[in-house]
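Descriptive structure summary
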Amino acid sequence: QVLLVESGGGLVQAGDSLRISCVGSGRTLRNWAMGWFRQAPGKEREFVAAMSWFSGTFYNDAVKGRFAISGEHAKNTVDLQMNSLKSEDTAVYYCATVVTGSGSVYRSSTYDYWGQGTQVTVSS
């Protein structure tokens, strides 16, 4: 079984920065990518950023240049540094990982395991 635990969410003001983290345990040593998705109230879950251990990093255009994903394969950790936050970044942020799945890292259906989510609220 795989367990993903997020941390670091909170309430910030527009323009501030925030860093959220995710730690995986269990079978994650065999994973090949970790990513972040978010879901705002009344909206569908959307891709934010992902890191493939073998092919680099990927970003949603809405966060490119403001957010940075980083991680350590050996430790099964992935962080998301969020700068210049906007009110539209307010959402529950979910960490996810791919173990046996295949396909695009941009698609939620590719991911096998998900964390419980951490709330990020940006006040304007």
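Reference entry: report on the structure contained in this document. Just so it is clear, the model here is predicted, and its values are computed rather than measured.

1. Describing the overall build of the protein
For the protein, the helix and strand inventory stands at zero helices and 11 strands. Over its C-alpha trace the protein gives a radius of gyration of 13 Å, about what one expects of a compact globule, namely 14 Å for 124 residues. In terms of principal-axis extent, the alpha carbons of the protein reach across some 40 × 25 × 25 Å. Partitioning the intrachain contacts of the protein with sequence separation of at least 6 by distance along the chain shows that 58% fall at a separation of at least 24. Total accessible area computed for the protein in this model is approximately 6300 Å², and 48% of it derives from carbon and sulfur atoms. Counting 11 positive and 10 negative side-chain charges, the protein places the averaged centre of each group 4 Å from the other.

2. Re the pairing of strand β3 (residues 18-26)
In this sheet, β3 lies alongside strand β1 (residues 2-7) in antiparallel orientation, the contact comprising six bridges. Within the sheet, the bridge partner assigned to Ser7 lies in β3 and is Ser21. As defined by bridge partners, β3 adjoins strand β8 (residues 77-82) across six bridges and the pair is classed as antiparallel. Bridge pairing links Val23 to Thr77 in β8.

3. Structural notes on the state of the cysteines
Inspection of the entire model under this criterion finds one disulfide. Across a sulfur-sulfur distance of 2.1 Å, Cys22 and Cys95 are joined as a disulfide pair. Because the torsion about its S-S bond is -75 degrees, the bridge between Cys22 and Cys95 counts as left-handed. Taken together, the positions of Cys22 in strand β3 and Cys95 in strand β9 (residues 91-98) put the pair 73 residues apart, joining distant regions of the chain. We classify Cys95 as buried; its relative accessible area is 0%.

Calculation rules
Residues numbered from 1 in each chain as written. Predicted model: local features only at pLDDT ≥ 70, side-chain atom pairs only at ≥ 80, totals over all residues. Heavy atoms only, no water. Helix = DSSP H or I, 4+ residues; strand = E, 2+ residues; numbered from the N terminus. Rg over C-alpha atoms; globule rule 2.2 N^0.38 Å. Contact = heavy atoms within 4.5 Å. Areas by Shrake-Rupley, 256 points an atom, 1.4 Å probe, with all protein chains shown as cover. Lys, Arg positive; Asp, Glu negative; His and termini not counted. Charge placed at Lys NZ, Arg CZ, Asp CG, Glu CD. Pairing = 2+ DSSP bridges. Disulfide = S-S within 2.5 Å. Buried < 20%, exposed > 50% of the residue type's maximum accessible area, 1.4 Å probe, protein only.

By themselves, these are just geometric observations and shouldn't be taken as functional.
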